[in-house]
Structures are given as structure tokens and as C-alpha cells.
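A closer look at the structure
Take a look at the letters that make up each chain.
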Amino acid sequence: MRTLVFLIFLVLQNNLYADYMEVLLLGTGTPRPSIERFGSATLVKAGGHNFLFDAGRGVTIRLQQAGITPNMIDKVFLTHLHSDHISGLDDLWITGWVWQRQGLLNVSGPQGTHNLVESLRKAYAADISYREKNVNLNSDLTRINSKEINEEIVFQQDGVTIRSFLVEHAPVEPAFGYRIEFGDRVVVISGDTTYSENIVKYSKDVDLLVHEIAAASPVLLKRNKRLASVVAYHTNPEQMSQILNKTSPRLTVLNHVLLFGVSEQQVIAEIKNNYPGEVAMGYDLMNIGIGNSITINRINAEQP
Ligand SMILES: [Zn+2]
Ligand SMILES: [Zn+2]
């Protein structure tokens, strides 16, 4: 009897625990330098872990603003190797080492990830040797565990399952989205993509879809061929509505906000015209709590 009570207690506890995860948007921007929108980076907290998806410009600063020091991050998943998704990785890695990260940084990403992390270590060889000599830091801990992934389960532990899936960002191939499952809760992060059948497949009825968005005014598109090809490998508001009508997430938050001659309000209005569900514009340091209800708040609200 006592064992049974204990087991029920464990199941209840596990359910309570499994019922909640948090998503913190650290960077909702693009290659465009912006004080409001730093480079792509999204933190997911589940099962006692911090998972970082992409490490764009300024990720370490945004983490600090949220009270998270870089040594607290040791699992990074890259969607693809465009510079705006990786240009904060060196800071996160080396500053985390200076802040005495216990263990190595783990970086999973597409083909090219091994080369990226090995090159970082070469680029920072002087810094690593200075710090080892001066403050006795162990340079072995600057090694990075890298994994080049396909469509697969990239993490499975403590009730958390993370899957990578291919998205459409040609000529960037492969480019991945990620689906994070914890108990009954599911979050999907699109990465950079235009309309993707895999996004539809993996995002059906999820709790939260964090999806990229891009739009340009028809006049600018007509005038600027280069702009047209940039917008073409991202998702426009019309495609976003199509995806959402097929998937119906509890909440959709837009990130990687790439707009030319179109306002954020116009983008949201256009999507909402064609889709009745919940859609919000994402901002840096927006924190989304996902339980029975979904809450949105902004950490460090004095930030722009
Ligand atoms: Zn990008
Ligand atoms: Zn990209």
C-alpha cells in the first residue's frame, strides 16, 4: 500500500513537472544590426535543462539580461550556418569557459558544424593560452563536442525529446527546424525557411510555434531583384496564414523579423485576416510560459 501511494505521488509529481516549459526569445532579429532585435537565439527550458537554439549576435548579453550566465549553457542546437545564427557562438563558448562552465559545450548542427567549432578553437588559440597561464583555467575545457545531424532525435533525456527536421531555405542545405517535446507540451522552432511541408507536419496542434517572418512592400520587391530573392527563401504573411490554418498551434510567435517597407502591425493584421488563432509578434526577452495556460511576459522591460 505504501509503495502504491508513493508510486501515485511520483506519477503526480512527474505530471506536474512535465506540464510546464518555458521559451525565452533572446534574439528575434536578422543580419540587420539592431539594438531592439539581436541575432537569432531562442532558449527553451524543460526538464531542468537549458537548450539554446541558434547563437546569433549578442546572445550572451541577452542571456545576462535574463539572469543566465554563459556557463549555464552547454547545449546548443544550430538551425543552419548563416552568420546571423552563429555569430554569437564564440562569445557564448569562450566567456562560458572564463565563467568556469563545468564540462564542455555541446553543439549540434548541420554539416559544417565540425569545421565551425574547430576553426573557433584555432581562432582563439592565443586567448586560450593567455588565460590558461594567467588564471590557471583548463584549456581542455575549451574543446567543443560537435555533432553533425540529419533528421533525427537529437536529444532524449529526463522526459525531453528534441527532433530535428528539414526545412526549406535553399540554397542553404541542410537547414533544420526543431521540435521539443516535454510531457504533453510541444514547441516547434522553424529556423529560417520559406513555406515548408515539414513545418506543417511537425507543428500540428503544438502548444507554441516560433516561426520566422519576412515581408516587403510590392513596390520595393519590384524595384529590387536582390531583395526579392532574399524574401523568397523566407516565409511571407500569406504563407504564414496557410501554415497556421493547417496546424493551429495554441500560440504562434513570430521571430527573425525581416521587414522592408511594411510595419509589424501590418504583418500581424494580414495574418489575422486569414487565420483566426492566436498570433503575436515576438520581441527580444519575451518569455513564454507553457502550461495549462500560456503566459507571455517581458523580462527586463526597461530594455528597448
Ligand atoms: Zn537568418
Ligand atoms: Zn538563414
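Data block above holds the structure.
The structure presented is a predicted model; accordingly, all values stated were derived computationally and were not measured.

**Observations regarding helix α9 (residues 237–247)**
Among the residues making up α9, those that are buried are P237, Q239, M240, S241, I243, L244 and T247. Against α6 (197–203), β11 (208–216), β12 (251–260), α10 (264–274) and β13 (279–281) lie the buried residues of α9. At the N-terminal boundary of α9, the capping side chain belongs to N236, with an oxygen 3.1 Å from the backbone nitrogen of E238. Looking at the residues trailing α9, positive phi occurs at S248, about 45°.

**Concerning the sheet that holds strand β8 (residues 160–166)**
One open sheet holds the seven strands; their spatial order is β7-β8-β9-β10-β11-β12-β13, and the pairing between them is mixed. Pairing within the sheet leaves two strands with one partner each, and these edge strands are β7 (152–157) and β13. The average undirected angle you get between the axes of adjacent strands in this sheet is 20°. Two elements, β8 and strand β9 (residues 176–182), share seven bridges in a ladder whose sense is antiparallel.

**A closer look at the coordination of the zinc ion (ligand 2)**
Within the protein, the atoms that donate to the zinc ion (ligand 2) are H80 (NE2), H82 (ND1), H169 (NE2) and D192 (OD), at distances of 2.1 to 2.3 Å. Here the zinc ion (ligand 2) is ringed by four donor atoms whose angles at the metal span 93 to 156°, and the overall shape comes out irregular. Of note, the zinc ion (ligand 2) draws all its donor residues from one chain, in the sequence arrangement H-x1-H-x86-H-x22-D. Between the two metals, the zinc ion (ligand 2) and the zinc ion (ligand 1), the spacing is 3.4 Å, and D192 donates to both.

**Section: the side chain of Q239**
Along the chain, the position of Q239 falls in helix α9. At a separation of 3.3 Å, a polar atom in the side chain of Q239 contacts the side chain of T194.

**Quick word on the coordination of the zinc ion (ligand 1)**
For the zinc ion (ligand 1), the full set of protein donor atoms is D84 (OD), H85 (NE2), D192 (OD) and H256 (NE2), and the range of their distances to it is 2.1 to 2.2 Å. Taken together, the four donor atoms coordinating the zinc ion (ligand 1) span angles of 88 to 175° at the metal, a pattern that classifies the geometry as irregular. Look at where the donors of the zinc ion (ligand 1) fall in the sequence and you get D-H-x106-D-x63-H.

**Focus: unusual backbone geometry**
In the segment running from A170 into P171, the intervening peptide bond is cis, with an omega of 10°. The residue P171 is located in the loop between β8 and β9 in this model. Cis geometry marks the peptide bond from E173 to P174; its omega dihedral reads 0°. Topologically, P174 is positioned in the loop between β8 and β9. The phi torsion at Q100 lies on the positive side, around 60°, for a residue other than glycine.

**Quick word on the pattern of salt bridges**
Under the definition given, this model contains 10 salt bridges. Two residues, R37 and E264, come together in a salt bridge whose shortest N-O distance is 2.9 Å. One end of the pair, R37, is in the loop between β1 (21–27) and β2 (41–46); the other, E264, is in helix α10, with 227 residues separating them in the sequence. Here R37 falls in the buried class, since its relative accessible area comes to 9%. Residues R62 and D284 are paired through a salt bridge, measuring 2.9 Å at the closest nitrogen-oxygen approach. Here R62 is found in helix α2 (residues 59–65), whereas its partner D284 is found in the loop between β13 and β14 (286–290), with 222 residues between them in sequence. For the residue pair R62 and D284, the accessibility class agrees, reading buried in each case.

**Let's talk about the packing of helix α3 (residues 89–98) against helix α4 (residues 113–123)**
Contact pair α3 / α4: the axes reach a minimum separation of 11 Å and the direction vectors enclose 55°. When the axis of α3 is compared with that of α4, the two are oblique. When the axes of α3 and α4 are compared, the crossing they make is right-handed. Contacts between α3 and α4 involve L89, D90 and W93 from the first element and L116, L120 and R121 from the second. Counted by class, the contact of α3 with α4 contains four nonpolar, no polar and two charged residues.

**Quick notes on α3**
In terms of burial, α3 is a largely internal element, seven of the 10 residues being buried. Q100, located one to two residues past α3, shows a positive phi value of around 60°.

**Details of the packing of aromatic side chains**
Applying the stated criterion across every chain, the model contains seven aromatic pairs. Where F51 meets F77, the ring centres are 6.3 Å apart and the plane angle is 50°; that geometry is what we call tilted. Residue F51 is found in strand β3 (residues 49–53), and its partner F77 is found in strand β4 (residues 75–77); the two are separated by 26 residues along the sequence. We classify F51 as buried; its relative accessible area is 0%. Residue class for F77 comes out buried when judged on its relative accessible area of 3%. Measuring from ring centre to ring centre gives 4.9 Å for F51 and F155, while their planes differ by 70°; the resulting arrangement is edge-to-face. Taken together, the positions of F51 in strand β3 and F155 in strand β7 put the pair 104 residues apart, joining distant regions of the chain. Of note, R32 hangs over the ring of F260, and the distance from its end group to the ring centre comes to 4.9 Å.

Conventions adopted
Residues numbered from 1 in each chain as written. Chains lettered and ligands numbered in written order. Predicted model: local features only at pLDDT ≥ 70, side-chain atom pairs only at ≥ 80, totals over all residues. Heavy atoms only, no water. Buried < 20%, exposed > 50% of the residue type's maximum accessible area, 1.4 Å probe, protein only. Helix = DSSP H or I, 4+ residues; strand = E, 2+ residues; numbered from the N terminus. Contact = heavy atoms within 4.5 Å. Polar contact = N/O pair within 3.5 Å; in protein donor to acceptor, adjacent residues only side chain to side chain. Pairing = 2+ DSSP bridges. Axes fitted to C-alpha atoms, helices over the stretch in contact; angles between N-to-C directions. Donors = N, O, S within 2.8 Å, 3.2 Å for Na, K, Ca; no water. Tetrahedral: all angles 85-135°; square planar, octahedral: opposite > 155°, others 65-115°. Salt bridge = Lys/Arg side-chain N within 4 Å of Asp/Glu carboxyl O. Parallel < 35°, antiparallel > 145°, perpendicular 65-115°, else oblique. Left-handed = near helix turned anticlockwise from the far one by under 90°. Nonpolar A, V, L, I, M, F, W, Y, C, P; charged D, E, K, R; others polar. Phe/Tyr/Trp six-rings, centres within 6.5 Å; stacked < 30°, edge-to-face > 60°. Lys NZ or Arg CZ within 6 Å of the ring centre and 35° of its normal.

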